[in-house]
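Below, each chain spelled out in residue letters.
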Amino acid sequence: IESVLDFSKLTSSAFTTTNFGAPSNASIRGQSADLFINGVRGRITSNGNGLPLDFNSVESVNIVKGPATAVQGTSMYVGGFIDLITKRPYFDAFKGSISATIGSYSTSKWTLDMGGPINSKTAYRFSYSGENSIGYFIDGHKRTNAVYGAVTWRPNDRYELFLNGSANWYSYTENWGVNRVTQDLIDNGNYVTGININNGAGATPSDPQNSRYVQDGANTIAWGPTVKLNRHSRLLKPGDHSTGREFNLQAIQTLKSSAELTVKNTSYWSYTDRNTLSSYYYSEVFDPSWFAENRTEFI
């Protein structure tokens, strides 16, 4: 699993569109899904578009159809939710792994994961992943760095404190694909050129959505010649980019007060700063977005 698009391999209900080439939340049953980190809402987006989801900190994933529970909090995402279970420290022994991926189209990825006990009551986990890839499409790139750390403290059999935090940096290009898809384009790579002239003949091309010359949702187009289109091309201009950074901190305390009662307290803080600049005159800036949550459960 390397992106939310891969969730469709696990369940048929989690089909996710490319969403401008940057889906940050999976779609479940046709709607953007809630995203949780260890049971606490971890990211908010109105349409599922945003920063890529980095799996450097993830050990397993729960994909649930239907709305989240009342304990997790209400939201407008009723199709389902994704709960990311983060990596836990090792108490049994020191363990570690290193991996690298090199592939076509200048694909380059690497990971480092390690952890072990500090003493009989404390253990740690550290993980780092990075990517510096260009990809299949012209003028594309994806450069990421992700760091995750976790510590578990168990002073006795009744109490546990689990601390974890992650820091992610992103630089990437969105992918709008190609417009005016015809069967001739699919079969032979032939693309029909042309521009909108919604302001009248000979006028400067206008906004196709807002011009008074748009009639019944139809654009007036001056068609050009049919040309061969490189399949590595897309609606992108050199210099188009998206950048962002995201930081998360979480503390989970569990107290077994008796054989019948467990008290669990979760504190969570998240910070997101994202900037998208594109030549199609669409700019989105979160400068910044942050939230904090604290929840106590009596189980």
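Residues numbered from 1 in each chain as written. Predicted model: local features only at pLDDT ≥ 70, side-chain atom pairs only at ≥ 80, totals over all residues. Heavy atoms only, no water.

*Asks:* Help me out: how do you make sense of the overall build of the chain in this one?
*Replies:* Scanning the chain for helices and strands turns up 1 helix and 16 strands. The burial tally for the chain puts 40% of its 299 residues in the buried class. Excluding contacts between residues fewer than 6 apart, the proportion of contacts in the chain whose partners are at least 24 apart in sequence is 60%. As displayed, the chain has an accessible area near 16300 Å², and 56% of this comes from carbon and sulfur atoms. (Helix = DSSP H or I, 4+ residues; strand = E, 2+ residues; numbered from the N terminus. Buried < 20%, exposed > 50% of the residue type's maximum accessible area, 1.4 Å probe, protein only. Contact = heavy atoms within 4.5 Å. Areas by Shrake-Rupley, 256 points an atom, 1.4 Å probe, with all protein chains shown as cover.)

*Asks:* For this particular structure, what's the right way to read the packing of aromatic side chains?
*Replies:* Any two aromatic rings considered together are summarised by their centre-to-centre distance and by the angle between their planes. Counting across every chain of the model gives 9 aromatic pairs. Between Phe7 and Phe55, the ring centres sit 6.0 Å apart and the planes meet at 80 degrees, which makes this aromatic pair edge-to-face. On the criterion of sequence distance, the pair formed by Phe7 in the segment before β1 (27–28) and Phe55 in the loop between β4 (40–43) and β5 (58–65) is long-range, its members being 48 residues apart. By relative accessible area, which is 0% here, Phe7 ends up buried. (Phe/Tyr/Trp six-rings, centres within 6.5 Å; stacked < 30°, edge-to-face > 60°.)

*Asks:* For this particular structure, what's the right way to read the pattern of salt bridges?
*Replies:* Once the charged atoms of two side chains with opposite charge are near each other, the side chains can pair. Across all of its chains, the model carries 13 salt bridges by this definition. For Glu2, the salt bridge identified is with Lys109, shortest N-O distance 2.8 Å. Remark: Lys109 occurs in strand β8 (residues 107–117) and Glu2 occurs in the segment before β1; sequence separation between them is 107 residues. Look at Glu2 and you get exposed, because its relative accessible area is 53%. (Salt bridge = Lys/Arg side-chain N within 4 Å of Asp/Glu carboxyl O.)

*Asks:* Where do I start with a nonpolar patch on the surface in this structure?
*Replies:* Taken together, the side chains of Leu249, Trp269 and Trp290 make up a nonpolar region of the molecular surface, amounting to roughly 350 Å² of accessible area. With respect to the element layout, Trp290 can be found in strand β16 (residues 282–298). (Patch = residues over 30% accessible without salt bridge, like charges linked within 9 Å, V, L, I, M, F, W, Y side chains within 5 Å.)

*Asks:* Sorry, what's going on with the sheet that holds strand β3 (residues 34–37) here?
*Replies:* Strand pairing in a sheet takes place through backbone hydrogen bonds and is either antiparallel or parallel in direction. Reading across the sheet, the 4 strands line up as β4-β3-β6-β5 and stay open at both edges, with mixed pairing between neighbours. With partners counted over all chains shown, the strands left at the sheet margins are β4 and β5, one partner each. The sheet shows a mean angle of 35 degrees between the axes of neighbouring strands, direction not considered. The pairing of β5 with strand β6 (residues 80–86) spans 7 bridges and is classified as antiparallel. (Pairing = 2+ DSSP bridges. Axes fitted to C-alpha atoms, helices over the stretch in contact; angles between N-to-C directions.)

*Asks:* Explain the environment of Arg143 to me, please; I cannot follow it from the model alone.
*Replies:* With respect to the helices and strands, Arg143 occurs in strand β10 (residues 142–153). According to the relative accessible area criterion, Arg143 is partly exposed, its value standing at 39%. Put simply, Arg143 and Ser133 are 10 residues apart on the chain and 6.5 Å apart in space, counted from C-alpha to C-alpha. Sequence-distant contacts of Arg143, that is, excluding residues within four places in its chain, are made with Glu131, Asn132, Trp169, Tyr170 and Ser171. Side chain to side chain, Arg143 and His141 meet in a polar contact 3.5 Å long. (Polar contact = N/O pair within 3.5 Å; in protein donor to acceptor, adjacent residues only side chain to side chain.)

*Asks:* Where do I start with the side chain of Gln250 in this structure?
*Replies:* With respect to the helices and strands, the residue Gln250 is situated in strand β14 (residues 241–256). Reaching out from Gln250, the side chain makes a polar contact with the side chain of Asn38 at a distance of 2.7 Å. Aside from chain neighbours lying at most four places away, what touches Gln250 is Ile37, Asn38, Val40, Phe162, Leu163, Asn164, Thr266, Ser267 and Tyr268.

*Asks:* What exactly am I supposed to notice about unusual backbone geometry here?
*Replies:* Keep in mind that most residues, glycine aside, have a negative phi and that most peptide bonds are trans. The phi dihedral of Arg29 is positive, around 55 degrees, even though this residue is not glycine. With respect to the helices and strands, Arg29 occurs in the loop between β1 and β2 (31–32). Of note, Asn38 is a non-glycine position whose phi angle comes to about 50 degrees, a positive value. Counting through the fold element by element, Asn38 comes out in the loop between β3 and β4.

*Asks:* Whenever I open this one, the side chain of Glu160 confuses me. Can you help?
*Replies:* Examined against the element boundaries, Glu160 turns out to sit in strand β11 (residues 159–172). At a separation of 3.3 Å, a polar atom in the side chain of Glu160 contacts the side chain of Arg88. Here Arg154 takes part through its side chain, which lies 2.8 Å from a polar atom of the side chain of Glu160.

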